[in-house]
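Each chain, written out:
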Amino acid sequence: MKDMYILGIESSCDETSISIVKNGREEIATIISSQIDIHKDYGGVVPEIASRQHVKNITFVLEECLNKANMTMDDIDAIAITYGPGLIGSLLIGLEAAKTLSFIYNKPLIPVHHIAGHIYANSLVNELQFPLLAVVVSGGHTELIEMDEHYKFTKLGGTLDDAIGECYDKVARVIGLEYPGGPKIDKLAKIGKPTYKLPIPLHDDSYNFSFSGLKSAVINLVHNEKQRGNEIRKEDLATSFQKTAVESITSKTKKAIIDRKIKNVIIAGGVAANSGLREAMTKLTTELGVNLSIPSMKYCTDNGAMIAAAGYYAYKNGRIADLSLNSKSQDTLK
Ligand code: KG4
Ligand code: ZN
């Protein structure tokens with residue numbers, strides 16, 4: 001069969017990224033233009049600024065990606081685009097770029113759900129084995145998704161309020177760490193001790209999660225300690241928080257593996273970069289004798305390669321859009 005080169009475009013939040021991926025598995029080139037340095041002054045992503053940055057960056061990112069791959073648009077077979085969910089202004093910039101390329105160069109347009117992208121980041125490392133359980137942990141999502149075959153998603157459960165990454169970022173802000181706080185808490189957690197007691201949220205029989213209670217517990221703890229005149233030991237709080245957040249994910253993952261007789265587990269999303277989670281998931285899957293796939297660090301946070309990889313399997317599944325495709329700030333993965 002002829003090789004298929006897909007151009008993947010991702011602009012759902014604060015990264016403008018374009019990649020070329022061969023046959024859904026092999027990354028040819030990736031360019032990521034991150035806006036973190038701009039947004040960190042505001043303590044989080046400012047949607048209006050993010051959209052304007054995407055407008056500024058996207059043509060350069062495309063040009064650089066093609067140059068890096070030593071390819072032209074004539075070598076590209078299809079264009080995969082994150083249509084949602086995400087920040088609507090940001091999504092629209094990527095979508096318009098994708099539609100324009102699809103129209104001018106007469107290439108199929110493939111709509112990709114952002115979370116499908118995070119899941120398929122794994123196929124850039126290992127071929128996906130089914131049936132599998134995808135543990136999706138990102139800034140906007142915390143979900144357990146079962147897949148029996150390519151591009152067939154069944155949600156077992158998800159967060160009832162905040163996402164785990166969002167919780168990491170908010171807790172980081174409370175203890176004075178810069179956006180994005182997730183990686184900074186992770187770093188501190190390695191040197192602290194779990195001396196602070198925090199409740200494991202939604203410790204029940206469901207496949208759901210809750211992170212707003214954990215966030216509030218940290219805020220209250222910091223507030224109470226301050227009132228008592230005690231200094232917060234940031235590294236100990238980071239360790240205590242990370243232990244609790246990770247335990248919440250692994251306990252529900254364990255339940256799903258056992259109940260659903262899962263043999264393959266993958267982690268997906270920005271928080272898949274977390275060292276505590278990677279370690280705990282490795283331990284859990286080894287104990288239960290199931291396979292674990294974790295994306296390499298560069299594919300954990302948002303990138304065009306995961307969209308191009310997902311786009312390949314979406315295309316094979318017949319998911320091709322016309323130029324009426326619109327962005328969606330919210331959409332269920334299906
Ligand atoms: O998947 P992603 O790039 O964006 C969304 O689709 O939401 O994830 C970004 C999130 C942020 O909340 C960031 O703090 C978190 O992933 N993150 C981490 C780590 N690296 C990134 N959280 C905990 N530990 C990390 N090492
Ligand atoms: Zn993401």
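Look a little higher up for the structure.
Residues numbered from 1 in each chain as written. Chains lettered and ligands numbered in written order. Predicted model: local features only at pLDDT ≥ 70, side-chain atom pairs only at ≥ 80, totals over all residues. Heavy atoms only, no water.

Undergrad: I tried to follow the coordination of the zinc ion (ligand 2) on my own but got confused; where do I start?
TA: Note on metal geometry: ideal angles are 109.5 degrees for four donors arranged tetrahedrally and 90 or 180 degrees for six donors arranged octahedrally. Every protein donor of the zinc ion (ligand 2) is listed here as His114 (NE2), His118 (NE2) and Asp302 (OD), and their distances to the metal cover 2.0 to 2.1 Å. Sequence spacing of the donors to the zinc ion (ligand 2): H-x3-H-x183-D. With His114 and His118 both in helix H4 (residues 114–120) and four residues apart, the pair spans about one turn of that helix. Of the two residues examined, His114 and His118, each falls in the buried class. (Donors = N, O, S within 2.8 Å, 3.2 Å for Na, K, Ca; no water. Helix = DSSP H or I, 4+ residues; strand = E, 2+ residues; numbered from the N terminus. Buried < 20%, exposed > 50% of the residue type's maximum accessible area, 1.4 Å probe, protein only.)

Undergrad: What exactly am I supposed to notice about the side chain of Thr250 here?
TA: As for its placement among the helices and strands, Thr250 is situated in helix H8 (residues 234–259). With a relative accessible area of 13%, Thr250 lands in the buried category. In this structure the side chain of Thr250 is engaged in a polar contact, spanning 3.3 Å, whose partner is the backbone oxygen of Glu247. Not counting chain neighbours up to four residues away, the residues in contact with Thr250 comprise Ala280, Met281 and Leu284. (Polar contact = N/O pair within 3.5 Å; in protein donor to acceptor, adjacent residues only side chain to side chain. Contact = heavy atoms within 4.5 Å.)

Undergrad: Looking at this model, I keep getting lost on the site of ligand 1. Mind explaining?
TA: His118, Gly139, Asp169, Gly270 and Asn274 are the nearest of the 19 residues found near ligand 1. Asp186 places a side-chain nitrogen or oxygen 3.0 Å from a nitrogen atom of ligand 1. The residue inventory of the shell around ligand 1, partitioned by class, reads five nonpolar, eleven polar and three charged. Both domains that meet at the shell around ligand 1, namely domain 1 (5–120 + 299–316) and domain 2 (127–294), each give it at least three residues. (Near = heavy atom within 4 Å. Nonpolar A, V, L, I, M, F, W, Y, C, P; charged D, E, K, R; others polar. Domains from an automatic or database assignment.)

Undergrad: Would you explain the sheet that holds strand S6 (residues 132–137) in this entry?
TA: Paired through their backbone hydrogen bonds, the strands of a sheet run either parallel or antiparallel. If you walk across this open sheet you meet the five strands as S8-S7-S6-S9-S10, and the pairing is mixed. Edge positions in the sheet fall to strand S8 (154–158) and strand S10 (291–293), since each has one partner strand and no second. Across the sheet, the mean angle from the axis of one strand to that of its neighbour is 20 degrees, orientation sign disregarded. Relative to S8, strand S7 (residues 142–147) is paired through four bridges, and the arrangement is antiparallel. Bridge assignment links Glu143 to a residue of S8, and that residue is Gly158. Sheet contacts for H8: S6, S7, S8 and strand S9 (264–268); angle to S6, the most-contacted strand, approximately 165 degrees. The strands that helix H9 (residues 275–288) touches are S6, S9 and S10; relative to S9, the one it contacts most, it runs at about 175 degrees. (Pairing = 2+ DSSP bridges. Axes fitted to C-alpha atoms, helices over the stretch in contact; angles between N-to-C directions.)

Undergrad: Where do I start with the pattern of salt bridges in this structure?
TA: Oppositely charged side chains are able to pair whenever their charged atoms sit close together. Enumeration according to the criterion identifies 22 salt bridges in this entry. Here Glu127 and Arg25 are joined by a salt bridge, their closest N and O atoms 3.6 Å apart. In this pair, Glu127 is assigned in the loop between H4 and S6 and Arg25 in the loop between strand S2 (15–22) and strand S3 (26–34), connecting sequence segments 102 residues apart. Using a relative accessible area of 28% as the deciding quantity, one classes Arg25 as partly exposed. (Salt bridge = Lys/Arg side-chain N within 4 Å of Asp/Glu carboxyl O.)

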